[in-house]
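Residue-level listing of the chains:
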Amino acid sequence: MTTNKKNGPVLAVVVPCYNEEEVLMESAAILQSFVQRQIDSAEVSEDSYILMVDDGSKDRTWTEICKFHDSDPMFRGLKLAHNRGHQNALYAGLMEVREDCDLSISIDADLQDDVDSMAEMIQKAKEGANIVFGVRNDRTTDTVMKRTTADWYYRTLNAMGIHTIPQHADFRLMDRTALDALSQYREVNLFLRGIATDIGLKTDRVYYSRKARTAGESKYSLKKMFLLAEDGVTSFSTAPLKLSFGFGAAADGAALLLLFRAMRDRKSQAGIMAMICFMQSIQFYLSGIMGAYIGKTYTEVKDRPRYYIQERTGEK
């Protein structure tokens with residue numbers, strides 16, 4: 001890990017934001033205080049900064065980010081032309097700081113992840129870790145549905161053979177070596193949680209308790225969580241495509257069983273109709289799986305840019 005001559009490594013805290021006007025003022029103050037304490041204790045360079053990425057917000061998020069920059073140069077801002085999703089916004093921020101920092105830490109604007117644990121991340125990096133994962137050891141602040149869907153999410157990924165860190169979202173430290181490696185992943189359908197473990201550099205973990213939101217509401221709806229899970233599966237596993245063999249065998253067995261019962265009960269018409277419906281449902285399900293992969297292939301081969309940067313703080 002390279003270091004700046006001015007009191008240690010340059011730290012860049014990357015904060016993706018989407019309609020976070022309500023919480024941004026408090027979050028900015030907390031992050032500013034943390035970075036300043038690290039500078040004062042000579043843990044990081046005085047050139048360290050906070051980059052907030054506006055993912056095409058519809059509220060005054062960008063206006064607030066510009067105000068932060070005007071009042072303190074520690075804050076920088078990046079505005080995407082329109083909403084591209086959390087993963088693309090985060091990736092845009094990481095690529096923006098890649099050549100201008102030694103360490104980057106990504107954290108969501110709601111600060112439900114523990115800011116103070118970032119100090120431990122920095123120490124882990126100084127000990128040689130290229131990537132440090134922030135792992136939740138407590139989800140009691142989440143709703144029952146959120147905890148249930150999160151558990152289902154990690155179980156599904158593991159069942160598909162996708163290596164992820166359980167209870168880790170996108171709260172992580174990556175040094176410049178890791179950021180350089182990340183820049184070589186060119187897929188449009190980003191799943192950073194999977195890519196971070198796929199890179200293969202030296203990793204470590206920091207455990208923390210998740211906090212409740214102080215304002216605003218979560219931007220991860222059930223639909224968005226499902227789409228993120230789909231991206232994770234289709235980006236890193238072909239296991240669903242292989243399900244066709246298992247479903248085919250199950251469908252054959254069920255069809256034979258239904259036919260046997262229909263013949264025994266002398267209700268051939270009902271049995272045949274049930275068999276047809278069952279077979280059709282299997283076909284539709286498998287077509288949906290193949291369609292998901294074909295759709296992802298379609299978006300990848302077009303090779304369109306992931307995002308377009310509309311503005312940076314300080315630019316006219």
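Structure first, text after, so check above.
Thresholds applied
- Residues numbered from 1 in each chain as written.
- Predicted model: local features only at pLDDT ≥ 70, side-chain atom pairs only at ≥ 80, totals over all residues.
- Heavy atoms only, no water.
- Helix = DSSP H or I, 4+ residues; strand = E, 2+ residues; numbered from the N terminus.
- Buried < 20%, exposed > 50% of the residue type's maximum accessible area, 1.4 Å probe, protein only.
- Contact = heavy atoms within 4.5 Å.
- Areas by Shrake-Rupley, 256 points an atom, 1.4 Å probe, with all protein chains shown as cover.
- Axes fitted to C-alpha atoms, helices over the stretch in contact; angles between N-to-C directions.
- Parallel < 35°, antiparallel > 145°, perpendicular 65-115°, else oblique.
- Left-handed = near helix turned anticlockwise from the far one by under 90°.
- Nonpolar A, V, L, I, M, F, W, Y, C, P; charged D, E, K, R; others polar.
- Core = buried A, V, L, I, M, F, W, Y, C linked by side-chain atoms within 4.5 Å.
- Lys, Arg positive; Asp, Glu negative; His and termini not counted.
- Salt bridge = Lys/Arg side-chain N within 4 Å of Asp/Glu carboxyl O.
- Polar contact = N/O pair within 3.5 Å; in protein donor to acceptor, adjacent residues only side chain to side chain.

Chemist: Explain the overall build of the protein to me, and be specific about the residues and the numbers.
Modeler: The secondary structure content of the protein amounts to 10 helices and eight strands. Relative to its 316 residues, the protein shows a buried fraction of 46%. Contacts in the protein between residues at least 24 apart in sequence constitute 83% of all its contacts with a sequence separation of at least 6. About 16,200 Å² of surface is accessible on the protein, with carbon and sulfur atoms providing 55% of the total.

Chemist: If you had to explain the packing of helix α1 (residues 21-40) against helix α2 (residues 61-71) to someone new, which residues and values would you point to?
Modeler: Packing of α1 against α2 leaves a shortest axis separation of 9 Å and a crossing angle of 20°. Relative to α2, the element α1 lies roughly parallel. α1 and α2 meet at a crossing whose hand is right-handed. From α1, E21, L24, M25 and A28 reach across to α2, where they touch T61, E64, I65 and F68. Partitioned by chemical class, the residues of the contact of α1 with α2 number five nonpolar, one polar and two charged.

Chemist: Give me the lowdown on the packing of α1 against helix α4 (residues 117-126), citing residues and values where you can.
Modeler: Contact geometry of α1 with α4 gives a least axis separation of 10 Å together with a crossing angle of 40°. Put simply, α1 runs oblique to α4. As for the relative orientation of α1 and α4, their crossing is right-handed in sense. Each of L31, F34 and Q38 in α1 lies in contact with α4, whose residues at this interface are M118, A119 and I122. For the contact of α1 with α4, a count of residues per class yields five nonpolar, one polar and no charged.

Chemist: Tell me about the nonpolar core, and please be specific about residues and values.
Modeler: Ranked by internal contacts, the top residues of the largest apolar core, which has 34 residues, are V15, L31, I50 and M52. Residue contacts for V15: discarding those within four places in its chain leaves L31, I50, L51, M52, V53, I107, D108 and A109. Counting 31 residues, the second largest nonpolar core, distinct from the first, contains V14, L80, A178 and Y185.

Chemist: Please set out the environment of D138 residue by residue, giving values where relevant.
Modeler: Take D138: it is sitting in strand β5 (residues 131-138). Take D138: its relative accessible area is 26%, and that puts it in the partly exposed class. A sequence separation of 73 residues divides D138 from K211, and the C-alpha atoms of the two residues are 9.0 Å apart. With sequence-adjacent residues up to four places away left out, D138 is seen in contact with Y208, S209 and R210.

Chemist: I'd like a rundown of the side chain of D55, residues and numbers included.
Modeler: Relative to the helices and strands, D55 is located in the loop between β2 (49-54) and α2. Although buried, D55 forms no salt bridge, and the nearest oppositely charged side chain, R84, lies 6.7 Å from it.

Chemist: Talk me through the environment of D170; I want residue IDs and the actual numbers.
Modeler: Tracing the backbone through its elements, the reader meets D170 in the loop between α5 (144-159) and β6 (172-175). Between the C-alpha atom of D170 and that of R193, which follows or precedes it by 23 residues, the distance is 6.5 Å. Only 3.4 Å separates the side chain of D170 from the side chain of R193, close enough to count as a polar contact.

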